[in-house]
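# Overview (structure and organization)
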Amino acid sequence: MSKTKIKHGNFINGKWLETVGKDCLEVFDKYSNESIAKLPLASQQEAEEAITGSITGFETLRKFSAGERADLLQKLFNKLEERKQEITEIIITEAGKPRPYAENEVKRCLSTIDGAITEAKTFSGEMIPMDFGAGAGKTAFTKRFPLGPVLCITPFNFPLNLVLHKVAPAMAVGCSVILKPAPQAPLSSLFLASIMEEVGYPKGAISVLNCDNKVAELMVRDNRIKMLSFTGSEKVGWHLKEICGYKKVALELGGNAAVIIDSDTDLAATAKQVAMGAFLYAGQICISTQRIYVVEPVFEEFKKLLMDETKKIKTGDPSEKDTMSGPLIAKVHLNRMTDWVNEAKTMGAEILVGGKIKNETHNLFEPTLLTNTKKGMKVVDEEAFGPVAIIESVKDFDEAIAQVNDSKFGLQAGVFTNSFTNFKKCMEELEVGGIIMNNVPGFRIDTMPYGGVKMSGLGREGLKY
């Protein structure tokens, strides 16, 4: 664990509340299972203080010039750059993220803030074309205004960058933020609050509350909050949308992302990419490759190549630089993976690689590849969020598209093809929020529009969006 002294509490309206009472949240090292922090759970009264503070903070932020907002973001960028090694260690420890991937997350955090600096200075309205008909000789302009306090609820798997995808654009335009981080990995959010305080963000600009679901739902329902931005499971996300009233909502939810393998691709190189896309960070990525559809002429060859690449994946201690697949976030998910794989096997699936717990003490599950799967199996229908993928043969490219679309989810899909005809077909027919050509669905650049359709979400992330 990093030697960084993280303030272990809640940060509410410019004050640190660190006293731990009988109700507390314990945070564990995800590999060693060692307790690394005990945090107080915020009360209903403290949530009220956060809301009233965010209103005051918004009144301050909204009056800042674009230059002042950009300058504060630049100071935040500089401070994070200065302390990037500390936050890397925090992410490895609390989220179980393999070292290279944690280092990459911090690089992405810096890119996210840099994008927000640009947006702070350039976001604007537009001139509306109307010099015709009844509008002849007239000109109209729009101007955008900051909305108000934003409630942000974030997941464990990107404990800093997915937080910054909400906080950075809010700070760019002058909105205050109340942040409820994931209970499995809240220390990165507290680290962010501490450096935002250090660089001079005004009181109430950000509050970080660790709280139970009851207190969180009270904030979701409160009409003084003007927007809810949620990243997490589809079950929770759509429930929160139902209870949030008339505030604006952005939902970035899950998926069971698919990839199509056409017959004209470099199969060996593609197998390496797909194995990484499926098993990096133990598959705990909402655009992790879960369903793999291969056109029939190359299915057997690609299957063998992918099995070989899957067997090469190193599963173990996330602090080691060559580890690709580390621990699952909690024991319950280790057991869930076992149950899902066993269910699929009972229903006729074949286990090609893996299929069982590697180390129960460290929450490690073997990278697992299944075939002969079908609808009705959880590994096909639901989001695994673990190191499990399926591979199936399809007779042609059209059937591959149909299989990708046969899902309640639609976040991103990967397509490996060199056919322009098939590329166009994907653009027209795939029911997803993003198509990644000749790469896995897990590819994402932080400034691009990102989000899904169907059960996978509502709205788009990405700094401008």
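Just above, that's the structure.
What you see is a predicted model, and the numbers here were worked out from it, not measured in a lab. (Residues numbered from 1 in each chain as written. Predicted model: local features only at pLDDT ≥ 70, side-chain atom pairs only at ≥ 80, totals over all residues. Heavy atoms only, no water.)

What follows deals with the overall build of the chain. A count of helical and extended segments in the chain gives 14 helices and 23 strands. In terms of overall dimensions, the chain has C-alpha extents of about 70 × 60 × 40 Å along its principal axes. Residue burial in the chain is summarised as follows: out of 465 residues, 57% are buried. A sequence separation of at least 24 residues applies to 71% of the contacts in the chain between residues at least 6 apart. Accessible surface, the chain: about 19400 Å² in total, of which carbon and sulfur atoms supply 52%. Charge-centre separation for the chain: the mean point of 57 positive side chains lies 4 Å from the mean point of 59 negative side chains. (Helix = DSSP H or I, 4+ residues; strand = E, 2+ residues; numbered from the N terminus. Buried < 20%, exposed > 50% of the residue type's maximum accessible area, 1.4 Å probe, protein only. Contact = heavy atoms within 4.5 Å. Areas by Shrake-Rupley, 256 points an atom, 1.4 Å probe, with all protein chains shown as cover. Lys, Arg positive; Asp, Glu negative; His and termini not counted. Charge placed at Lys NZ, Arg CZ, Asp CG, Glu CD.)

Here we come to the sheet that holds strand β17 (residues 368-371). Read across the sheet, seven strands follow the order β14-β17-β18-β13-β12-β20-β21 without closing on themselves; strand pairing throughout is mixed. Edge positions in the sheet fall to β14 (350-353) and β21 (434-437), since each has one partner strand and no second. Across the sheet, the axes of successive neighbouring strands diverge by a mean angle of 25°, strand direction being ignored. Here strand β20 (residues 412-416) runs beside β21; their pairing, made up of four bridges, is parallel. Looking at β21, one finds that Gly 414 is bridged to Ile 436. Sheet strands touched by helix α9 (residues 267-279): β12 (258-261), β13 (291-295), β17, β18 (388-394) and β20. Its angle to β12, the strand with the most contacts, is close to 175°. Along the sheet face, helix α10 (residues 299-312) touches β12, β13, β14, β17 and β18 and points at about 170° away from the line of β18. (Pairing = 2+ DSSP bridges. Axes fitted to C-alpha atoms, helices over the stretch in contact; angles between N-to-C directions.)

Among the structural elements, Glu 94 can be located in helix α3 (residues 84-95). A polar contact is formed between the side chain of Glu 94 and the backbone nitrogen of Leu 187, at a distance of 2.7 Å. A polar contact is formed between the side chain of Glu 94 and the side chain of Ser 188, at a distance of 2.6 Å. Setting aside anything within four residues of it in sequence, one finds Glu 94 in contact with Val 27, Phe 28, Lys 30, Ile 36, Pro 159, Gln 184, Ala 185, Pro 186, Leu 187, Ser 188 and Ile 329. (Polar contact = N/O pair within 3.5 Å; in protein donor to acceptor, adjacent residues only side chain to side chain.)

As a further point, take the pattern of salt bridges. Overall, the coordinates contain 29 salt bridges when judged by the stated rule. Residue Glu 59 pairs with Arg 62 through a salt bridge whose shortest N-O separation is 3.6 Å. When its relative accessible area of 35% is taken as the criterion, Glu 59 is described as partly exposed. Take Arg 62: its relative accessible area is 39%, and that puts it in the partly exposed class. Of the charged contacts in the structure, one is a salt bridge between Glu 82 and Lys 79, with a shortest N-O distance of 3.5 Å. (Salt bridge = Lys/Arg side-chain N within 4 Å of Asp/Glu carboxyl O.)

With the rule as written, the count across this model stands at zero disulfides. Among the cysteines around Cys 24, which has no disulfide bond, Cys 211 carries the closest sulfur, lying 14 Å off. (Disulfide = S-S within 2.5 Å.)

All right, on to the nonpolar core then. One finds Ile 261, Val 274, Ile 292, Phe 302, Leu 369, Val 379 and Ile 391 to be the most contacted residues of the largest nonpolar core, which totals 71 residues. Of the residues forming this core, the biggest block, six residues, is contributed by α9. Setting aside chain neighbours within four positions, we find Ile 261 in contact with Leu 267, Thr 270, Val 274, Ile 292, Tyr 293, Val 294, Val 295, Phe 302 and Phe 416. Counting residues in hydrophobic clusters, the runner-up holds 52 residues, among them Ile 92, Ala 170, Ala 193 and Tyr 201. (Core = buried A, V, L, I, M, F, W, Y, C linked by side-chain atoms within 4.5 Å.)

So, about the environment of Asn 256. Secondary-structure assignment places Asn 256 in the loop between β11 (248-252) and β12. Given a relative accessible area of 3%, Asn 256 falls into the buried group. Considered as a pair, Asn 256 and Ala 413 are 157 residues apart in the sequence and their alpha carbons are 9.3 Å apart. Apart from residues lying up to four places away in sequence, Asn 256 is in contact with Gln 290, Arg 291, Val 380, Asp 381, Glu 382, Glu 383, Ser 407 and Phe 409. A polar contact of 3.4 Å, which involves the side chain of Asn 256, links it to the backbone oxygen of Asp 381.

Residues of helix α8 (residues 234-243) that are buried: Glu 234, Gly 237, Leu 240 and Ile 243. If you follow the buried residues of α8, they end up packed against β7 (150-153), α7 (213-221), β10 (227-231), β11 and β19 (409-410). Of the residues trailing α8, Gly 245 is marked for its positive phi of about 80°.

On to the packing of helix α1 (residues 44-61) against α7, then. Each pair of packed helices can be described by the angle between their axes along with the distance between the axes. It is the contact of α1 with α7, at a shortest axis distance of 10 Å, that shows an interaxial angle of 35°. The chirality of how α1 crosses α7 is right-handed. When α1 is examined against α7, the residues Gln 44, Ala 47 and Ile 51 are found in contact with a partner set consisting of Val 215, Leu 218 and Met 219. Across the contact of α1 with α7, the residue classes break down as five nonpolar, one polar and no charged. (Left-handed = near helix turned anticlockwise from the far one by under 90°. Nonpolar A, V, L, I, M, F, W, Y, C, P; charged D, E, K, R; others polar.)

Let's shift gears to the side chain of Thr 323. Relative to the elements of secondary structure, Thr 323 occurs in the loop between α10 and α11 (331-346). Residue classification places Thr 323 among the buried residues on the basis of a relative accessible area of 4%. Within the structure, the side chain of Thr 323 is placed 2.8 Å from the backbone oxygen of Asp 317, a separation counted as a polar contact.

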